[in-house]
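Structural description and commentary
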Amino acid sequence: MIIYYGIECPINIGLRFESPHPVKIYEEFSQDEQTHNFNLCPAYAAHNKNLFYVPALFDYNLWYDKENNVYQTSYYDQEVFNNFIRGRVLRLKLLSFNMYVHILTESDNLELSQLPAYLHPNQFTRNSVIIPGTFNIGKWPRPLDVAFYLLDKIEIKEGEPLYYIKFNTKESINFKRFIVTERYKKYTNDIILASRKLERPKIKKLSYFYNLINNAPKLKIMMLEEAKSNLLE
C-alpha cells in the first residue's frame, strides 16, 4: 500500500525531512538469537507490523519558566516559537507541536494510530506524555500534529524518534514523499478548521468528520493529484 507523506515544517529544512522509519527493538537485544532476539517472537512481530517512528526534523528545546509563567526555548526566534508551539491548555502544560505530518492514501478505509515512542527513550519521550489517538486516515485525511503534556524540560535532537504511527492493515507500507505545496495546504485547511472550531458541548463523533469528506468526495481526489504531482521520489 502506498502512503503519500509530506511535512509542513515551521523552519526551512530543505530536503532533510525523512519518511517514517520502521520500529525495531534495541540492537543490543538482538545479538543472541536464542535468548534475546525479540524480532523472532511472533507476538512482538504482530505488534510491530506497520509500526513506524516519526523522526524530529530539527534540534529544539522547551521548558516552563514557573517563576515568570512563560514557556522558554534557546532555539530560533519568537516567530518560529509562535508557529511551532500551540498552547492547548497552558495551565496544564498541554501543548502541541505544529509540525504537521501529511499522510494520504488512496484507500478509503485505513485506520491509523498515533502513539508514544515507548521503545525509544530520549529526553522528549522521558519528559513528555504523548496524547494517543486513532482514526481512519482514508476517510478523514487530516494532517497529524504532536499533542503532549510537558513534564519537564525537553531537548529534541534532529533524527530522534518523536512518536509512532501504526497503520492497522496487513498490507506492507511503501512511503512516497511529496512537497506540501500552498495549494495542498489550502485543501487541508478546511479539514483542520472543521475539527478545531467545535465548542466543547458540541464535540462530534468521528463519523461526523468522515461524513464531511463523503459529502465532498472531490476534495480527496484533488489532494491525491496535488501530492502525486509533487513527489520527491
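Placed above this text is the structure.
What this report covers is the structure whose coordinates are included nearby.

**Considerations on the sheet that holds strand E13 (residues 161–167)**
Taken in spatial order, the 5 strands line up as E2-E3-E13-E8-E10 in an open sheet, and their pairing is antiparallel. Since the sheet does not close on itself, it has two edges, and those belong to strand E2 (21–22) and strand E10 (133–136), each with one partner. Where E2 lies against strand E3 (residues 51–55), 2 bridges are found, and the strand directions are antiparallel. Paired with Pro 22 across the two strands is Phe 52, which belongs to E3.

**Overview of the pattern of salt bridges**
A complete count under the given rule lists 9 salt bridges for this structure. In the salt-bridge network here, residues are joined through shared partners; they are Arg 86, Arg 88 and Asp 145.

**Remarks on the packing of aromatic side chains**
This structure, assessed with the given rule, holds 21 aromatic pairs. Seen in terms of ring centroids, Tyr 5 and Phe 175 are 5.9 Å apart; in terms of plane orientation they differ by 75°. Their pairing is edge-to-face. Within this pair, whereas Tyr 5 is found in strand E1 (residues 2–8), its partner Phe 175 is found in strand E14 (residues 174–177), the two being separated by 170 residues in sequence. Looking at Tyr 5, the relative accessible area reads 0%, which means it is buried. Look at Phe 175 and you get buried, because its relative accessible area is 9%. Taken together, a centroid distance of 5.1 Å and an interplanar angle of 55° make the contact between Phe 58 and Phe 84 tilted. Of this pair, Phe 58 sits in the loop between E3 and strand E4 (60–65) while Phe 84 sits in helix H2 (residues 78–84); the two residues are 26 residues apart in sequence, bridging distant segments of the chain. Each member of the pair Phe 58 and Phe 84 is classed as buried. Pairwise contacts between aromatic rings join Phe 58, Tyr 60, Tyr 75, Tyr 76, Phe 84, Phe 97, Phe 124 and Phe 148 into one cluster. Cation over ring: Lys 153 sits above Trp 63, and NZ or CZ is 4.6 Å from the ring centre.

**Focus on the side chain of Arg 177**
Looking at the secondary structure, you find Arg 177 in strand E14. A distance of 2.4 Å separates a polar atom in the side chain of Arg 177 from the backbone oxygen of Phe 17. Among the polar contacts made by the side chain of Arg 177, one reaches the side chain of Glu 233 at a distance of 3.1 Å. Among residues more than four places away in sequence, those in contact with Arg 177 are Tyr 5, Leu 15, Phe 17, Glu 18, Ser 19, Asn 230, Leu 231, Leu 232 and Glu 233.

**Structural notes on helix H6 (residues 217–228)**
With 12 residues, H6 extends 17 Å from end C-alpha to end C-alpha; this agrees with the ideal 16 Å at 1.5 Å per step. For H6, the complete set of buried residues consists of Leu 219, Lys 220, Met 223, Leu 224, Glu 226 and Ala 227. Along the axis of H6, the buried residues cluster in a sector spanning 165°; they form a single face. Exposed side of H6, more than 90 degrees from the buried face: Pro 217 and Lys 218 are the residues found there.

**Focus: the side chain of Asn 127**
With respect to the element layout, Asn 127 can be found in the loop between helix H3 (123–126) and strand E9 (128–130). Accessibility expressed as a relative area gives 16% for Asn 127, which makes it buried. Those residues in contact with Asn 127 that sit more than four places away from it in its chain are Tyr 149, Leu 150, Leu 151, Asp 152, Lys 153 and Ile 154.

**Quick word on helix H5 (residues 206–214)**
What H5 keeps buried is the set Phe 209, Tyr 210 and Ile 213. End-on, the buried residues of H5 take up no more than an arc of 100°, which puts them together on one face.

**With respect to unusual backbone geometry**
Backbone geometry at Asn 69 places phi at a positive 55°, although glycine is not the residue there. By the secondary structure assignment, Asn 69 is in the loop between E4 and strand E5 (70–72). Although it is not a glycine, Lys 93 sits at a positive phi angle of roughly 60°. Within the secondary structure layout, Lys 93 lies in the loop between strand E6 (85–89) and strand E7 (94–105).

Conventions we followed
- Residues numbered from 1 in each chain as written.
- Predicted model: local features only at pLDDT ≥ 70, side-chain atom pairs only at ≥ 80, totals over all residues.
- Heavy atoms only, no water.
- Pairing = 2+ DSSP bridges.
- Helix = DSSP H or I, 4+ residues; strand = E, 2+ residues; numbered from the N terminus.
- Salt bridge = Lys/Arg side-chain N within 4 Å of Asp/Glu carboxyl O.
- Phe/Tyr/Trp six-rings, centres within 6.5 Å; stacked < 30°, edge-to-face > 60°.
- Buried < 20%, exposed > 50% of the residue type's maximum accessible area, 1.4 Å probe, protein only.
- Lys NZ or Arg CZ within 6 Å of the ring centre and 35° of its normal.
- Polar contact = N/O pair within 3.5 Å; in protein donor to acceptor, adjacent residues only side chain to side chain.
- Contact = heavy atoms within 4.5 Å.
- Expected span 1.5 Å × (residues − 1).
- Arc of directions from axis to C-beta.

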